[in-house]
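Structural overview
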Amino acid sequence: MFEQTFKNIDDILWKEAGCTTELDYTEQTSWILFLKYLDDLEGERQMEATLRGKSGKFLMEETYRWSNWAAPKKQDGSLDHDRALTGDDLIAFVNNDLFPYLKGFKERAGGADTIEYKIGAIFSEIKNRFQSGYSLRDILDQMDKLHFRSQKEKHELSHLYEAKIRNMGNAGRNGGEYYTPRPLIRAMVQVTAPRPGETIYDGACGSAGFLCEAFDYLRHGKEKITTSQLKKLQGKTFYGKEKKSLAYIIGIMNMILHGIEAPNIIHTNTLTENLADIQERNRFDIVLANPPFGGKERKEVQQNFPIQTGETAFLFLQHFIKHLKAGGRAAVVIKNTFLSNSDNASRALRKELLENCNLHTLLDCPGGTFQGAGVKTVVLFFEKGAPTRKIWYYQLDPGRSLGKTNPLNDDDLKEFVQMQKTFANTAQSWSIHATDIDPETFDLSVKNPHTPEQAPLRHPDEILEEMIQLDKETDKTMRGIAALIDG
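Residues numbered from 1 in each chain as written. Predicted model: local features only at pLDDT ≥ 70, side-chain atom pairs only at ≥ 80, totals over all residues. Heavy atoms only, no water.

Comments concerning the overall build of the chain
Inclusion rule: Helical segments are the DSSP runs of H or I of at least four residues, strand segments are the runs of E of at least two, and each set is numbered from the N terminus. For each residue, the accessible area found with a 1.4 Å probe, counting protein chains only, is set against the maximum for its type, and the residue is called buried under 20%, exposed over 50%, and partly exposed in between. The contact criterion used throughout is that any non-hydrogen atoms of two residues lie within 4.5 Å. For the area figures, the Shrake-Rupley method with a 1.4 Å probe applies, and any residue is considered shielded solely by the protein chains shown. Charge convention: Lys and Arg are scored as positive, Asp and Glu as negative, and His as well as the terminal groups of each chain are ignored. To locate a charge, take NZ of a lysine, CZ of an arginine, CG of an aspartate or CD of a glutamate.
What the chain contains, in helices and strands, is 18 helices and nine strands. In terms of overall dimensions, the chain has C-alpha extents of about 100 × 70 × 45 Å along its principal axes. When each of the 487 residues of the chain is scored for burial, the buried share is 49%. If you take every contact in the chain between residues at least 6 apart in sequence, the share linking residues at least 24 apart comes to 74%. Surface exposure of the chain reaches about 24400 Å², of which carbon and sulfur atoms provide 49%. Of the charged side chains in the chain, 62 are positive and 68 negative, and the gap between their average positions amounts to 5 Å.

Here's the deal with the packing of aromatic side chains
To keep it simple, the criterion reads: Pairing of aromatic rings covers Phe, Tyr and Trp, the last through its six-membered ring, and needs centres within 6.5 Å; plane angles under 30 degrees mean stacked, over 60 mean edge-to-face, and all others mean tilted. Only when the NZ of Lys or the CZ of Arg is both within 6 Å of the ring centre and within 35 degrees of the ring normal is a charge said to sit over the ring.
Summed over the entire model, instances satisfying the criterion amount to 23 aromatic pairs. Summarising the aromatic geometry, the rings of Y64 and Y101 are spaced 3.9 Å apart at their centres and angled 10° between planes, so their arrangement reads as stacked. Linking Y64 in the loop between α2 (22-51) and α3 (66-69) with Y101 in helix α4 (residues 87-103), this pair joins segments that are 37 residues apart in sequence. Exposure class is identical for Y64 and Y101. Each is buried. Cluster of aromatic residues (ring-pair linked, three or more members): W31, F34, Y37, F99, F123 and F148. R65 extends its terminal NZ or CZ atom over the ring of F58, reaching a point 3.7 Å from the ring centre. A cation over an aromatic ring shows up here: R108 above the ring of F105, its NZ or CZ 4.6 Å from the ring centre.

Topic: the nonpolar core
Which entries qualify depends on this criterion: Working definition of a nonpolar core: buried Ala, Val, Leu, Ile, Met, Phe, Trp, Tyr and Cys residues. They are joined through side-chain atoms within 4.5 Å.
By size, the foremost hydrophobic cluster in this structure holds 98 residues, and its most contacted members are W31, L35, W69, F123, L184, F238 and L363. Per element, the largest residue contribution to this core is ten residues, and it comes from α2. Counting residues in each nonpolar core, the second largest holds 40 residues, with L317, L324, L353 and I437 among its members.

Points about the sheet that holds strand β5 (residues 324-335)
Put simply, the test is: At least two bridges found by DSSP between two strands are what make those strands a pair. In this description, a line fitted to the C-alpha atoms serves as the axis of each element, helices being fitted only across the stretch in contact, and the angle between N-to-C directions of two axes falls anywhere from 0 to 180 degrees.
Taken together, nine strands build an open sheet; the order of strands is β3-β2-β1-β4-β5-β7-β6-β8-β9 and the sheet is mixed. In the strand order of this sheet, the two ends are held by β3 (264-267) and β9 (429-433), each with one partner. Strand-to-strand, the axes of this sheet are offset by a mean angle of 15°, without reference to chain direction. Bridge count between strand β8 (residues 390-395) and β9: five bridges; the pairing is antiparallel. Bridged to W392 within β9 is S431. Against the sheet, helix α10 (residues 182-192) contacts β4 (284-289), β5, β6 (357-364) and β7 (377-384), and its axis sits at roughly 155° relative to β5.

Focus on the environment of L90
Mapped onto the elements of the fold, L90 is located in helix α4. In the structure, L90 is positioned 43 residues away from G133 in sequence and 5.5 Å away in space, judged by C-alpha atoms. Apart from the residues lying within four places of it in its own chain, the contact partners of L90 are W69, L85, G133, L136, R137 and L140.

With respect to the packing of α10 against helix α11 (residues 209-219)
Let me state the cut-off plainly: Orientation is classified from the angle alone, with under 35 degrees giving roughly parallel, over 145 giving roughly antiparallel, 65 to 115 giving roughly perpendicular, and any other angle giving oblique. By definition, any crossing whose near helix is turned counterclockwise from its far helix by less than a right angle is left-handed, and any crossing with a clockwise turn is right-handed. Classification used: nonpolar for Ala, Val, Leu, Ile, Met, Phe, Trp, Tyr, Cys and Pro, charged for Asp, Glu, Lys and Arg, polar for all others including Gly.
The contact between α10 and α11 brings their axes to 9 Å, and the two run at 55°. One element, α10, and the other, α11, form an angle in the oblique class. The two elements α10 and α11 meet at a crossing, and its hand is right-handed. In contact with R182, I185, R186, M188, V189 and Q190 of α10, α11 contributes G209, F210, E213, A214 and Y217. Tallied by class, the residues present in the contact of α10 with α11 amount to six nonpolar, two polar and three charged.

Here we look at the pattern of salt bridges
Selection criterion: The rule for a salt bridge is simple: a side-chain nitrogen of Lys or Arg has to be within 4 Å of a carboxyl oxygen of Asp or Glu.
Applying the stated criterion to the full structure yields 21 salt bridges. Put simply, K325 and D285 hold a salt bridge, and the shortest N to O gap is 3.7 Å. Remark: D285 occurs in strand β4 and K325 occurs in strand β5; sequence separation between them is 40 residues. Using a relative accessible area of 26% as the deciding quantity, one classes K325 as partly exposed.

Here we look at the side chain of S429
Operational definition: Definition of a polar contact: a pair of N or O atoms within 3.5 Å, with one able to donate and the other able to accept a hydrogen when the atoms are protein atoms, and with sequence-neighbouring residues admitted only if both atoms are side-chain atoms.
Looking at the element boundaries, S429 is found in strand β9. Judged by relative accessible area, which is 0%, S429 ranks as buried. A distance of 2.7 Å separates a polar side-chain atom of S429 from the backbone oxygen of A424.

Considerations on helix α1 (residues 3-15)
The following threshold applies: The length a helix should cover is 1.5 Å for every residue beyond the first. Starting at the helix axis, one direction is taken to each C-beta atom, and the arc is that of these directions.
In a regular helix each residue adds 1.5 Å, so 13 residues correspond to 18 Å; α1 covers 19 Å between its end C-alpha atoms and thus fits that length. What α1 keeps buried is the set T5, F6, I9, I12 and L13. Each buried residue of α1 sits inside an arc of 120° when the element is viewed along its axis, so together they form one side. Exposed side chains of α1 directed beyond 90 degrees from the buried face belong to W14 and K15.

Considering empty space enclosed by the protein
What counts is decided by this rule: Think of a 1 Å grid over just the protein atoms. A cavity is a set of points where a 1.4 Å probe fits yet cannot get out, a pocket is an open set with protein on both sides within 12 Å along at least five of seven lines, and lining residues have an atom within 4 Å of a point. Grid points are joined across faces, edges and corners, and a volume is the space filled by probe spheres set on the points.
The full count for this structure, using the stated rule, is one cavity of 30 Å³ or more. If you add up the space inside the largest cavity, you get close to 60 Å³. In terms of lining, the largest cavity is formed by L35, L38, D39, E42, M60, Y64, R65, W66 and W69. Counting residues per element, the ones that place at least two in the lining of the largest cavity are α2 and α3.

What follows is the structure in structure tokens.
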């Protein structure tokens, strides 16, 4: 229904001098899409109020409503070109009037959990990158064709937006920071199996893929959701934090498109929170996350953690363990070097994980799972409050090389999700007892016992001797051939 409109928008953005990357395309599409969503939301609220015999209250002042500046209409429903701003006038209005007004919602809002606050938060972090008011006018005309009136329309828009995030992730290393393959997320959600009433947290939420997939799992799962449960899903189930401005905006927009009106995402550096200050009310039933790895945090940030290290992912893992309730469940992506690194922080963190959590499942992902990341990853599944007794390993092998044109899919993970329920042993899966783990190193390396051991490397002297013998045999053969020719 809307796919061609999105393609038209991308074509316009490609020609716009102020937008040069997929990240820019997604950012600029996001704020315009958000304002169109707000206009449709206000329209719905006004209609509901009218049906109840009441007069509804607009969030936006008339000057700043979509129908006034972005898409003013004539009585026949066509665009009123006399009132529709374009060129330099449009850029001046957006930069000098619209954005400052929208930014002010943050101060005027009644609380951080309101749509008003989200409006202010988004426009405090984003800026208009359009240099041509004519390009922006073309985008507004295309965006006005999109509607959020029915669930079918919202569902299609959420899929198109997800595709835009995926393209941004495939565009390069920076874009990849915001995108975790959705089949992997869905498998992680299925294994942790959230239940209505439980709280779900991602302290490095990026584009909010984990929170969106968990919402879809609960909203459209086997259990029928009651009205009160749906209300709790909307406001008191999903919580996220994100450091980067663009990811924060995309995450909010993504959750809105999936059906959560005022997402509980906070724009903050999660790691600046001191773990010693965490109280029971700050804890969650489930953690689902793919924290950034390879980054380095400053010394003052490291002071917030009992196990101090500059590796961002290791700090996040401590953060997640601390934020889980007793009996809480987690699924966390981490680079596979965590399993065997010999530095003090890695060993101490593995010891902490094994002694205070039940690390029951470890999914070994193949290279290429994350586009452009250049590292292999594993997923840790654990429950807080009891020590690890046995770890079930599963070595994911899709039977092909993964890449941009051949990504991970849901069928690749179907067997893992099914077998994980019984911790079945196969050629790709096995279990180890905690008592078999080295108590000095706590090494958790993936070593498939069903794979034949490779022959040990030979000594260089042995290889040289063999080469000399082969040369002698070759020389003997060549002499024989020469004698035959001479004869």
